[in-house]
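# Per-entry structural report
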Amino acid sequence: MRIVMKFGGTSVAGAEKIRHAAGLALKAVAEGHQVVVVVSAMDGVTEDLLDLADAAGSGNRAALYTVLGKVRSAHEAAARALGAMDEVDPLLGRLETLVSGILAVGELTARSRDAVVAFGERLSTAMMGVAMGCRAMDGHGAGIVTDDHFGEADPLMEISMHQVRQNLEPIISGGRPVVVSGFIAANQHGVTTTLGRGGSDYTATILGAAIRADEIWIWSDVDGLMSADPRAVPEARLLTAINFAEAVEMGKFGAKSMHPRALEPAAAHRINVRMRSTFNPDNPGTLISDATAAGDAAHAVRSVPMLKKMAMVTVGGAGMIGRPGTAAAVFTALAEARVNAHMICQSVSEAGISVVVSMGQLDKARAALERALVKVTSGPHANVVSSLKVQENLAIIAAVGQGMKGVPGVAARVFVAVAEAGVNINAIAQGSSELSIAFAVDEAAGSKAVAAVHRAFGLGG
Amino acid sequence: MKATLVGMGSVGRALVTLLAQRQRSGGHRPGTPEIRAVVDSRGARLARAGQPLDLEALVAAKAQGVPVHRAEAAGGLGVEAGGPEWSQRLIAESGTELLIEAGPTDLKRPATAMGHLRAAMASGMHVVCVNKAPLATAMPALLELAAYNRVGLRFSGCVGAGTPVLAMGEQLARGDRVRGISAVVNGTTNYILTQMRDAGQSFGEALAGAQQLGYAEADPSGDVDGWDTAMKMVILAAAVMGVKTTVGRSQVEGISKVTREAMAEAAARGKTIKLVGRAGEDGVSVGPAEVDRHGPLDVAGSINAVVFRCDTLGEVTLSGRGAGGPETATAILRDAEDLAKAAGADRGGR
């Protein structure tokens, strides 16, 4: 079998864990599999490097040397234990030179920030290469080419896939494993970029699609995807198999799934993804595949993820009725303020539109909507919206399952269960894909509602 | 348009000769490329600012086996090859607007030409390519790069040499839909098969004869094993039908198993055996096949025949000479003129 394995930050945090991860990969090699390993930066290092870049850009020497020292000692400790100092020391030296340069110039660009952040993966990749005794390269070396959008670069998919095939195929066809750094790539001119959302998982699925892997294994510190957050529902179970559409939907609602962007290459090329835990490697984890379960009433709901720390902003006014363009104005205002709307509801009367946003973005959302719609005295939106209401401390709960498609009564079962648990629902939304039903409740009652839905669909077994 | 020419084989030399003739006769046409840099496998020659290269001197030097960087009589500056990817760097820094890639088609090592195309497009240069290898192995990737960098990528000389096979296919695809393409597009195999039929030779005899006459190369595998035909069909399929495929994904069989007996049997039934390339919505296949004697695909020697099967128009056939340096050079000039026209339109010109 041809396998791409990605190890997350917690799976490579320190020499012991790197050794363990390397052992898992080498075991697969010994079993005759062709293996490409993708690694994230050590847990917490990406955040440290972002701080480091900011410190350098703002001229904060004290913070710079403190963070640099922290990054250096964490990697030196691990590298010494692994015998990887020859690889790690020059990288740390280059990192120091780079941030000194930024400090001297006194300006941090998106481009130089990417260059700094990329060291997290470069360092962990070098150590994993030593631990596995095989070749290690960065995403650019593997062939991933992106546009010039530093910090959130989009791969040029066809050329990337072509080059990855050219570069990796000869290595793995010869039965040799190879380590590739996740998250980082380069533009056409070879300047380092980072992939942003989806990060190292995205690297793994791009590589998997390019070399037509049989499976992509995402190793992390959890066994896989759960039917609900076990902190809310103790009887929550591991999901052994779901399909891509369900995984994307769960990801949107905050389950410890992969970012939808990262699932895309795997879904497009029908490559199975397996999420599993390095701490429990005998467990096969959750298989995400192409299998469909539409109309399967027994599995109408597979999982009940919850997003906490939400707030709902409702704009209302009789002036909105029959008036085109108000919804567009709401979403434009939010988009311009870079506010992410998690859930949107509109009353049939058109007299109100509710948008659920994270608490962290509430102030930005409220300000943007007031500016665009409430405090306007001229133009097409004058005197249309008369009220702006905010409800804080909400949770969005979703019932997710492709089996609900075309099966009547699923929504009723969800809401009866929540009502019987004595929880009031603030807003409801269902996507036209019929993969999920989402609703907002007071955060304090969130766990109770999740447990009720979980029980109603027999997810605890 | 200022251009960099890569490759001084028969096509590159024919192109330079054509351009020199135009230069001398003063018959300058708008859109004719102005060669400011020439690259061969051993080095490059770059024009100095304000001074053109002496193209005739360049061809004369090459005819004597002198590499371009040593062809001092052509004027300009000679640069010897050095370091990995030297030619890519040279292209990127050439300051020209067009790359003409006419290097040798090497299906086993398409990376060199691929690197040239990448470097050119990343630097915002348009590309005319008559090297089939990068196109046939990475067509989707090259189209993506051209679109992303907003540059033109033309390759009409790859199929049918000067005969405008791609242009006709693209025309047909507008308004109608091209469902399939069958074609005889390799002169070497066509010569061998004709000898087997008309002179009663075996495959081995006919191949040896073709090699003596210079119709087949010392290593004939690219032609007789069907790879040249496969490359052309992959390029046709992409350009005319929008089918994303590569040579690696194609079914390819050569003519080495065709026997005199099979040829005679086919003839008895009013048929003849040709190496036929087929492109359909599901990809490309190449192999020996029986076609009607005197039918559209029964062409001789270096003549190519391409049959487009369209929804409304039915079968449309184009045939014409499908090989040769000057013929392919004509296709390059055609592509370059197209690109210059498109670039002019972009700038709001005529």
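Note on numbering: residues in each chain are counted from 1, in written sequence order. Labels follow written order: the first chain is A, the first ligand is 1, and so on. Two thresholds apply to this predicted model, a pLDDT of at least 70 for residue-level local features and 80 or more for giving and counting side-chain atom pairs, whereas whole-chain, interface and lining totals are computed over all residues. The side-chain figures draw on all heavy atoms in the structure; neither hydrogens nor water molecules are used.

## Notes on the overall build of chain A
Our working definition: Strands here mean DSSP runs of E at least two residues long; helices mean DSSP runs of H or I at least four residues long; both are numbered from the N terminus. Within these notes, the globule rule equals 2.2 Å times the number of residues to the 0.38 power, and the radius of gyration is based on C-alpha atoms. Only protein chains enter the accessibility calculation, which uses a 1.4 Å probe; a residue whose area is less than 20% of its type maximum is buried, one above 50% is exposed, and one in between is partly exposed. The contact rule is simple, with two residues in contact once any of their heavy atoms fall within 4.5 Å. Areas reported as accessible are Shrake-Rupley estimates using a 1.4 Å probe. Residue values count occlusion only from the protein chains shown.
A count of helical and extended segments in chain A gives 14 helices and 17 strands. Against the 2.2 N^0.38 benchmark of 23 Å for 461 residues, chain A shows a C-alpha radius of gyration of 24 Å, consistent with a compact globule. Across its three principal axes, chain A shows a C-alpha extent of roughly 70 × 55 × 40 Å. Within chain A, the proportion of its 461 residues that are buried is 54%. Put simply, 76% of the contacts in chain A that link residues at least 6 apart link residues at least 24 apart. When the accessible surface of chain A is totalled, it reaches about 18,600 Å², and 51% of it is carbon and sulfur.

## Details of the pattern of salt bridges
What counts is decided by this rule: Put simply, a salt bridge is a Lys or Arg side-chain nitrogen that is within 4 Å of an Asp or Glu carboxyl oxygen.
The tally for this structure, following the rule as stated, stands at 38 salt bridges over all chains. A salt bridge links R302 of chain A to E246 of chain A; the nearest nitrogen and oxygen atoms lie 3.5 Å apart. Highlighted residues: R302 of chain A in the loop between β11 (286-289) and β12 (306-316) and E246 of chain A in helix α9 (residues 244-252), separated in sequence by 56 residues. Take R302 of chain A: its relative accessible area is 15%, and that puts it in the buried class. Residue R321 of chain B is joined to E327 of chain B by a salt bridge in which the shortest nitrogen-to-oxygen separation is 2.6 Å. Via salt bridges that share partners, R72, E76, R80, D89 and E96 of chain A belong to a single interconnected network.

## Considerations on the packing of aromatic side chains
Residue and element names in this part refer to chain A. Basically, it comes down to this: In summary, the pairing rule links any two rings of Phe, Tyr or Trp, Trp by its six-membered ring, whose centres are within 6.5 Å, and it sorts them by plane angle into stacked for under 30 degrees, edge-to-face for over 60 and tilted for everything else. Any Lys NZ or Arg CZ found within 6 Å of a ring centre and within 35 degrees of that ring's normal is scored as a charge over the ring.
Enumeration according to the criterion identifies 4 aromatic pairs over all chains in this entry. Judged by centre distance (5.9 Å) and plane angle (5 degrees), the ring pair of F7 and W219 falls under stacked. Within this pair, whereas F7 is found in strand β1 (residues 2-7), its partner W219 is found in strand β8 (residues 215-220), the two being separated by 212 residues in sequence. Neither residue differs from the other here; F7 and W219 are each classed as buried. Residues W217 and W219 carry aromatic rings whose centres are separated by 6.0 Å and whose planes lie at 80 degrees to one another, so their mutual orientation is edge-to-face. We note that W217, like W219, is buried. Clustering of aromatic rings is evident, with ring pairs tying together F7, W217 and W219. Directly above the ring of F119 sits R122, whose terminal nitrogen or CZ lies 5.7 Å from the centroid.

## Here's the deal with the domain arrangement of chain A
Here is the rule we go by: Domain ranges listed in this record stem from an automatic or a database domain assignment.
The domains assigned to chain A are domain 1 (2-221) and domain 2 (306-456). For domain 1 of chain A versus domain 2 of chain A, the separation of C-alpha centres amounts to 38 Å.

## Brief notes about the interface of chain A and chain B
Stated precisely, the cut-off is as follows: Defined in terms of a 1.4 Å probe, buried area is the accessible area two parts forfeit on being brought together, summed over both. Two N or O atoms count as a polar contact when they lie within 3.5 Å, although within protein this holds only if one can serve as hydrogen donor and the other as acceptor, and sequence-adjacent residues are included solely when both atoms are side-chain atoms.
With 13 residues of chain A at the contact, the number on the chain B side is 13 residues. Together, E158, I159 and Q188 of chain A form the three largest contributors to the area buried by chain A at its contact with chain B, with a combined 49%. Summed over the shared surface of chain A and chain B, the result is 1 salt bridge. Put simply, E158 of chain A and K244 of chain B hold a salt bridge, and the shortest N to O gap is 2.7 Å. Where chain A meets chain B, there are 8 residue pairs in polar contact (both at pLDDT 80 or more).

## Some words on the pairing of strand β11 (residues 283-292) of chain B
Residue and element names in this part refer to chain B. Note the cut-off: Should DSSP find at least two bridges between two strands, the strands are regarded as paired.
As defined by bridge partners, strand β9 (residues 251-252) adjoins β11 across 2 bridges and the pair is classed as parallel. In the strand pairing of β11, Q251 is matched with S285. The pairing of strand β10 (residues 271-280) with β11 spans 10 bridges and is classified as antiparallel. Along β11, the bridge assignment pairs G277 with V286. Joining the antiparallel neighbours β10 and β11 is a turn of 2 residues.

## Details of the packing of helix α5 (residues 132-149) of chain B against helix α10 (residues 227-241) of chain B
Working note: a packed helix pair is described by the angle between its axes plus the distance between those axes. Residues and elements named next belong to chain B. Cut-off, in case you're wondering: Fitting a line to C-alpha atoms yields each axis, with helices limited to the stretch in contact; the angle taken between N-to-C directions then spans 0 to 180 degrees. Small angles under 35 degrees read as roughly parallel and large ones over 145 as roughly antiparallel, with 65 to 115 read as roughly perpendicular and the rest as oblique. If you view the pair so one helix is near and one far, a crossing is left-handed when the near helix is turned anticlockwise from the far one by less than a right angle, and right-handed when it is turned clockwise. Nonpolar residues are Ala, Val, Leu, Ile, Met, Phe, Trp, Tyr, Cys and Pro. Charged residues are Asp, Glu, Lys and Arg, and all others, Gly as well, are polar.
The interhelical angle for the contact between α5 and α10, taken along N-to-C directions, is 60 degrees, at an axis separation of 9 Å. The pairing of α5 with α10 is recorded here as oblique in orientation. Here the hand of the crossing between α5 and α10 comes out left-handed. Residues K132, A133, L135, A136 and M139 of α5 form the contact with α10, whose participating residues are D228, M231, K232, V234, I235 and A238. The residue makeup of the contact of α5 with α10, split by class, is 8 nonpolar, no polar and 3 charged.

## A closer look at the sheet that holds strand β5 (residues 178-181) of chain A
All names here are of chain A. Strands sit in the order β3-β5-β2-β1-β8-β10-β11-β9 across an open sheet of 8 strands; the sheet is mixed. Whereas interior strands pair on both sides, the edge strands pair on one side only; in this sheet they are β3 (135-137) and β9 (241-243). Neighbouring strand axes in the sheet, compared pairwise and without regard to direction, differ in orientation by 20 degrees on average.

## Overview of the domain arrangement of chain B
All names here are of chain B. Examined at the domain level, chain B breaks down into domain 1 (2-162 + 326-346) and domain 2 (165-321). A straight line from the C-alpha centre of domain 1 to that of domain 2 covers 28 Å. Listed as interface residues are 16 residues of domain 1 and, on the opposing side, 18 residues of domain 2. Contact between domain 1 and domain 2 buries roughly 1,500 Å² in total, counting both sides, with carbon and sulfur atoms accounting for 76%. Here domain 1 and domain 2 share 2 salt bridges between them. The residue D228 makes a salt bridge to K132 at a minimum N-O spacing of 3.4 Å. If you look at where domain 1 meets domain 2, you find 3 residue pairs in polar contact (both at pLDDT 80 or more). Here the side of domain 1 that touches domain 2 takes 7 residues from α5, the largest share from any one element. Per-class residue counts for the side of domain 1 that touches domain 2 are 10 nonpolar, 4 polar and 2 charged.

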